[in-house]
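# Coordinate inspection notes
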Amino acid sequence: GAFQGRPVQVIKCKAAVLWEQNKPFSIEEIEVAPPKAKEVRIKILATGICRTDDHVIKGAMVSKFPVIVGHEATGVVESIGEGVTTVKPGDKVIPLFLPQCRECNACRNPDGNLCIRSDVTGRGVLADGTTRFTCRGRPVHHFMNTSTFTEYTVLDESSVAKIEAAAPPEKVCLIGCGFSTGYGAAVKTAKVTPGSTCVVFGLGGVGLSVIMGCKSAGASRIIGIDLNKDKFEKAMAVGATECLSPKDCTKPIGEVLSEMTGNTVNYSFEVIGRLETMVDALASCHMNYGTSVVVGAPPSAKMLTYDPMLLFTGRTWKGCVFGGWKSRDDVPKLVTDFLAKKFDLDQLITHVLPFKDINKGFELLYSGQSIRTVLTF
Ligand SMILES: NC(=O)c1ccc[n+]([C@@H]2O[C@H](COP(=O)([O-])OP(=O)(O)OC[C@H]3O[C@@H](n4cnc5c(N)ncnc54)[C@H](O)[C@@H]3O)[C@@H](O)[C@H]2O)c1
Ligand SMILES: [Zn+2]
Ligand SMILES: [Zn+2]
């Protein structure tokens with residue numbers, strides 16, 4: 001279609017397509033249709049690799065195939081559809097896997113953020129029920145309203161946050177998922193208090209961001225837990241006061257933590273995505289006044305069994321998507337805070353690779369060597 005007198009064409013570009021589960025990405029030429037009404041087409045400048053993308057590859061998260069995943073990115077608006085008012089071509093933006101429509105009841109509640117337009121069930125299409133991607137004559141699905149492992153993508157306007165032009169794309173892309181999710185879990189969802197004791201299970205990019213949030217909230221003791229001891233050095237650098245591996249414990253981890261802290265764990269966070277560690281984290285916080293937050297994505301269609309006595313005695317168990325932030329309102333503010341040096345993203349970025357090396361980026365995740373790999377275009 002044409003908008004404001006400017007013809008908007010189909011774009012041919014490169015994308016990393018997943019044709020089926022448990023297969024590597026295939027770099028393909030795809031066609032990206034023009035944005036329809038209330039949609040925005042953007043050119044991706046940089047995109048991070050998050051464990052959630054791998055959950056799709058492994059089938060732990062439901063998705064239709066073929067699909068273009070990727071959800072942690074920075075881009076620039078290339079064209080807009082009819083009726084788009086909040087961004088224009090040339091604006092620097094962050095795609096939002098959690099939209100903010102500002103109309104649904106979660107958006108209208110001051111404490112809500114899980115917008116009804118988020119694609120939690122893996123429909124893999126935009127709001128009108130269709131896709132904007134075609135490859136080899138076949139439609140290719142979207143992922144969580146984002147799909148950033150491509151040179152160009154199309155998003156609903158409610159999934160786009162305009163950010164300051166000065167923001168460095170290869171860093172602030174982490175504000176699109178990992179950093180904000182972890183940091184918000186501590187400062188917004190748990191509301192960590194000064195002087196408190198915190199425990200963080202899982203020291204990947206999201207877990208390290210939880211540690212940063214606990215530290216900035218004034219926690220005095222932050223204990224990092226991971227099976228991979230290579231993660232400890234980074235965790236200490238971003239604010240952990242001590243780290244331990246469950247492999248080195250002969251007793252249940254909850255008991256070990258209770259002894260270490262004199263039974264004073266105020267907050268615990270599960271940032272792995274495993275049922276066992278969700279219960280371990282719950283059991284690790286104080287039996288009466290402790291709060292435990294589920295941040296790791298639970299494997300789909302799995303049920304959890306736990307002793308309800310863990311809750312009966314007073315613990316609070318909660319979860320959050322995207323750190324509890326209202327995405328379109330809060331992402332631009334987080335970018336401004338980053339530019340004002342209120343937090344550091346460099347420590348989370350261990351590798352920067354050209355987009356075409358995406359499979360190498362995932363190998364670095366699997367081998368435990370990377371925290372965040374950022375792909376540049
Ligand atoms: N709630 C949200 O909105 C949201 C957003 C982003 C990511 N996530 C989820 O958060 C989780 C973490 O993401 P990430 O990118 O940091 O992942 P990651 O894979 O980089 O980090 C996970 C860490 O957990 C460790 N680990 C694995 N099994 C363990 C065990 N049994 N005990 C202790 N440590 C163990 C790994 O060694 C690794 O360091 C994932 O499940 C991801 O899907 C959720
Ligand atoms: Zn993510
Ligand atoms: Zn909404």
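Anyway, here's the lowdown on the structure attached to this text. (Residues numbered from 1 in each chain as written. Chains lettered and ligands numbered in written order. Predicted model: local features only at pLDDT ≥ 70, side-chain atom pairs only at ≥ 80, totals over all residues. Heavy atoms only, no water.)

Turning our eyes to something else, we now look at the overall build of the chain. A count of helices and strands for the chain gives eleven helices and 19 strands. At 21 Å, the chain has a C-alpha radius of gyration in line with the 21 Å of a compact globule built from 377 residues. Counting only C-alpha atoms, the chain reaches 70 × 40 × 35 Å along its principal axes. Looking at the chain as a whole, 56% of its 377 residues qualify as buried. For the chain, the accessible surface area stands at approximately 15,800 Å², while carbon and sulfur atoms represent 54% of it. Between the mean site of the 43 positive side-chain charges and the mean site of the 38 negative ones, the chain shows a separation of 3 Å. (Helix = DSSP H or I, 4+ residues; strand = E, 2+ residues; numbered from the N terminus. Rg over C-alpha atoms; globule rule 2.2 N^0.38 Å. Buried < 20%, exposed > 50% of the residue type's maximum accessible area, 1.4 Å probe, protein only. Areas by Shrake-Rupley, 256 points an atom, 1.4 Å probe, with all protein chains shown as cover. Lys, Arg positive; Asp, Glu negative; His and termini not counted. Charge placed at Lys NZ, Arg CZ, Asp CG, Glu CD.)

Donor atoms from the polypeptide that coordinate the zinc ion (ligand 3) comprise C101 (SG), C104 (SG), C107 (SG) and C115 (SG), at 2.3 to 2.4 Å from the metal. If you look at the zinc ion (ligand 3), its four donor atoms make angles of 103 to 118 degrees with each other, and the shape they trace is tetrahedral. The motif formed by the donor residues of the zinc ion (ligand 3), counted along the single chain, is C-x2-C-x2-C-x7-C. Both residues of the pair, C101 and C107, count as buried. (Donors = N, O, S within 2.8 Å, 3.2 Å for Na, K, Ca; no water. Tetrahedral: all angles 85-135°; square planar, octahedral: opposite > 155°, others 65-115°.)

Those residues of helix α7 (residues 253-261) lying buried are I253, G254, V256, L257 and T261. Seen end-on, α7 carries its buried residues on one side only, within an arc spanning 160 degrees. Among the structural elements, β12 (197-201), β13 (221-225), β14 (242-244) and α8 (275-284) are those in contact with the buried residues of α7. Of the residues flanking the end of α7, it is G262, one or two places downstream, whose phi is positive at about 65 degrees. (Arc of directions from axis to C-beta. Contact = heavy atoms within 4.5 Å.)

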